Structure formats: structure tokens, C-alpha cells
Amino acid sequence: MIKKIAKVSVLAVALLLSGCGGDNAYNGTGVISPKTAPSKGNALASLEENVFIKDSESLLSSVTTLKTQVESFDTDLTQSDVKQMQNTFRELMEAWKSVQNTYVAADYDNAMIDIPQLFDFYHTGKKLDVPADIDQALASSSSIEDALFKSSSKSITALEYLLFGYSQSVAEMTELMNIDKRRRISALEVVLANLKGLSAKIADFYKNDIQFSSNEEDAANSIVNVLIDSSFKLKEWRIGESAGISIKFKDDPDPERLEYFKSVLSTEAIESILEAHQSVMGKQSYANFGTFASQNGAAVVVKKILEKLDEAESIVQSFGKPIEELITTTSVDPKINTLYTTIKVLQDLYFESLIQALDLTAEIIEADGD
């Protein structure tokens, strides 16, 4: 899916930035023909500083904090200790959602391409069973470093299971942490060492990058790709499949398909994704891509995008209980359907007129993604 979108995304941004007329006009060649061309590099530099750099540093800080907590245990853990780690995991997860859903580094450095896949194995691999692999590693007589040889066993997906099990109580998780000479804690140390290394690479890239804000067309191309991809996965993977709305699981809802079912943090993940979109497109104290697009003639489109983002956030905030409780195998709260529809409109807005202009079909966008 991503590669196919990438092939047309320069036209996507051309259409997005020209969709409302103004000083720019789409000339049918995939190039914006500006009547005036004021530099908007400052907005892009501001976006990198206030979103990419800030969020990646927050992620590194959260990983480091949890790693320090885990390494401090030299006696059996208490329930308070476990709860503290779980709370830090939530902060780490939210920071990761921000980084993941604004991730443009892969477009500028080949070494950055695989990092998101190494960090997060949600919705990856039809036969992948991270909890089963973790359980096997914990039961193994090999060193924990050797037992956790799979990349998926050292990811945030593994981290969630190590800290929460299958949505088990804090008391149950405390007992699991303390058995077998606290082997589960040793596993956490291995996972967090890996995640810290990956987080540091992301933070270092953005801190030292000079490419993003130097080429407006490439930067806009990257951002639009990210927003299209993120809104698609939010709609289909994180909402539609669990609620039985998506074609793949039509009328077959299952809350266990939610991204953070084990930790019951899927609502918080959705909120963090929407906040990431707001950081890129919304009215902030800093200039961002919403600023850039509005100044290039797309103010009306940006306004519509922000309305849908606000609408989606309002729906999520009205849940009243975790989304894991709003979706069961026999029923789905109507608010979930409304949220799905709202995100669908948001996704359509991100590549407004693109499918028609390029004579594409929705199949390219609605690819399965596995």
C-alpha cells in the first residue's frame, strides 16, 4: 500500500494545496504553478522542531524511564512497582503513537526504513503470536537474551504482554514478575534495551536532519503520505476490524483485534493518533503543515480536516468507558460506527480528488496491509 501511494503522493499534495484555488493552480502535470511563491521553509522547520524532534525525544525519555525502573528491582516486586511500570508503559505507548503517525524519517534515510516495523509488530504477520513466543522464551533454559532472538519478541508488542499479560490483574502480574528468579524482569530489560536503541536512532535522526525543511515539495510529499497512511490504518486496523465494520471482518466484531487489548489502552492509542494529526495540521502555538497548506491556497481543505479531527476527538472523549468494553463479539456501540465514518471522511480529505485525478481505484488505498 505505501509504495503505491508514494508513487502518486506528489500529485496528492499538488491537489491538496490547490484544491481551494487561491494563488496556486494545478496544471495537470502534477506540478503546482504558483502565481507567487513565498518561502514556507520556516513552517516546515517549525514542524520538525516542535513535532518530530520533540516527540522523538519524549519517546526516548519514556523508554529510558521505564528501563531505569526495571533495572532498579533487586528484590521481589510489589503491586505498586508493577502499577508504576504499567503507568510508564502508557506514557511510552502514547509517545510512540505520536512518533509512528508522523514518521517521515524513512523518506530521507534508508537506514530509518525498518525501524517502525522493528519497534511495533501490531498487525504484522498472519501467523505471528508474540505472547506464545514470549512464554516459550520465559520457559526456556537458555539465557533470556538468546531466548528472545526474534525481533518481535523485543518490540513494544512484546513489552505490553510482559507487563499486562492477557489483561491480567496487577496482583497476577506481580506474581508472574517474581517467579523463576524474576526472569520476566530480565526479559523486560532485554526488550527495553532494544527499544531504547531504536528510539535513540529516531531522535538522533531528527535532531541532526537538514533535509526535511530544505525541499518543500519533498517534505509535503512525505507528510501527505504519512497522513493518508495513518488515517487508513486508524480507520481499518484500529477501529474497523475490531468492530466488524471492515470488509475483512464484516459483521464479526472481536475486541481482541484492538491494538492494545491486553493493556486496555486502545482508546488512549486512538486519542494519541488524533493528537498527532492535530500537531501536524491543527492550530498550534507553532507553525506546522496546516500553516503551510493554508498559505498555499488550501485553507478551506485544512478547515474541513480540522473539523473532522475535532469531531473524531469529541466522539472518543464521549466513550465513557474503554473501547475494549464498547466492542463485544455480539454488539458494537453506535459511537464506534460514527467514529469509523468520521475517520473515513478524514482520510478522503487527505487525498481530496486524488483517485479521480489519477484514475485510480479505492482498492489501492483499501489494500489489506498484512
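### Topic: the environment of Lys283
And then number 1: Tracing the backbone through its elements, the reader meets Lys283 in the loop between helix H11 (266-281) and helix H12 (289-317).
And then number 2: Taking the C-alpha atoms as reference points, Lys283 and Leu306, separated by 23 residues in sequence, lie 8.6 Å from one another.

### Some points on the layout of surface pockets
And then number 1: Considering only enclosed or pocket space, the second largest pocket measures out at about 830 Å³ in volume.
And then number 2: Lining the second largest pocket are 28 residues, with Tyr122, His123, Leu128, Glu256 and Lys262 positioned closest to its centre.
And then number 3: The biggest single contributor to the lining of the second largest pocket is helix H7 (residues 156-164), with three residues.
And then number 4: Its residues assigned to classes, the lining of the second largest pocket shows 12 nonpolar, four polar and 12 charged.

### Some thoughts on unusual backbone geometry
And then number 1: Even without a glycine there, the phi angle at Asp180 is positive, about 55°.
And then number 2: Checked against the element boundaries, Asp180 lands in the loop between helix H8 (170-178) and helix H9 (183-208).
And then number 3: The phi torsion at Lys181 lies on the positive side, around 55°, for a residue other than glycine.
And then number 4: Examined against the element boundaries, Lys181 turns out to sit in the loop between H8 and H9.
And then number 5: By relative accessible area, Lys181 is classed as exposed at 81%.

### Describing the pattern of salt bridges
And then number 1: Per the stated rule, a full pass over the model turns up 13 salt bridges.
And then number 2: One salt bridge connects Glu259 with Lys97, and the closest N-O pair in it is separated by 2.6 Å. Here Glu259 is found in the loop between helix H10 (216-243) and H11, whereas its partner Lys97 is found in helix H3 (residues 79-100), with 162 residues between them in sequence. There is no split in this pair, since Glu259 and Lys97 are both buried.
And then number 3: The partner of Lys344 in a salt bridge is Asp348, and the shortest N-O contact between them spans 3.5 Å. Within this pair, Lys344 and its partner Asp348 are both found in helix H14 (residues 334-350), separated by four residues, close to a single helical turn.
And then number 4: Members of the salt-bridge network, linked through shared partners, are Lys97, Asp120, Arg238 and Glu259.

### A look at H14
And then number 1: Over its 17 residues, H14 extends 25 Å from the first C-alpha to the last, a length consistent with the 24 Å expected when each residue adds 1.5 Å.
And then number 2: Residues Ile336, Leu339, Tyr340, Thr342, Ile343, Leu346, Gln347, Leu349 and Tyr350 constitute the buried set of H14.
And then number 3: The N-cap residue of H14 is Asp333: its side-chain oxygen and the backbone nitrogen of Lys335 are 2.8 Å apart.

Criteria and cut-off values
Residues numbered from 1 in each chain as written. Predicted model: local features only at pLDDT ≥ 70, side-chain atom pairs only at ≥ 80, totals over all residues. Heavy atoms only, no water. Helix = DSSP H or I, 4+ residues; strand = E, 2+ residues; numbered from the N terminus. 1 Å grid on protein atoms, 1.4 Å probe; cavity = no way out; pocket = protein on both sides within 12 Å on 5 of 7 lines; lining within 4 Å. Points joined across faces, edges and corners; volume = space filled by probe spheres on them. Nonpolar A, V, L, I, M, F, W, Y, C, P; charged D, E, K, R; others polar. Buried < 20%, exposed > 50% of the residue type's maximum accessible area, 1.4 Å probe, protein only. Salt bridge = Lys/Arg side-chain N within 4 Å of Asp/Glu carboxyl O. Expected span 1.5 Å × (residues − 1). Polar contact = N/O pair within 3.5 Å; in protein donor to acceptor, adjacent residues only side chain to side chain.

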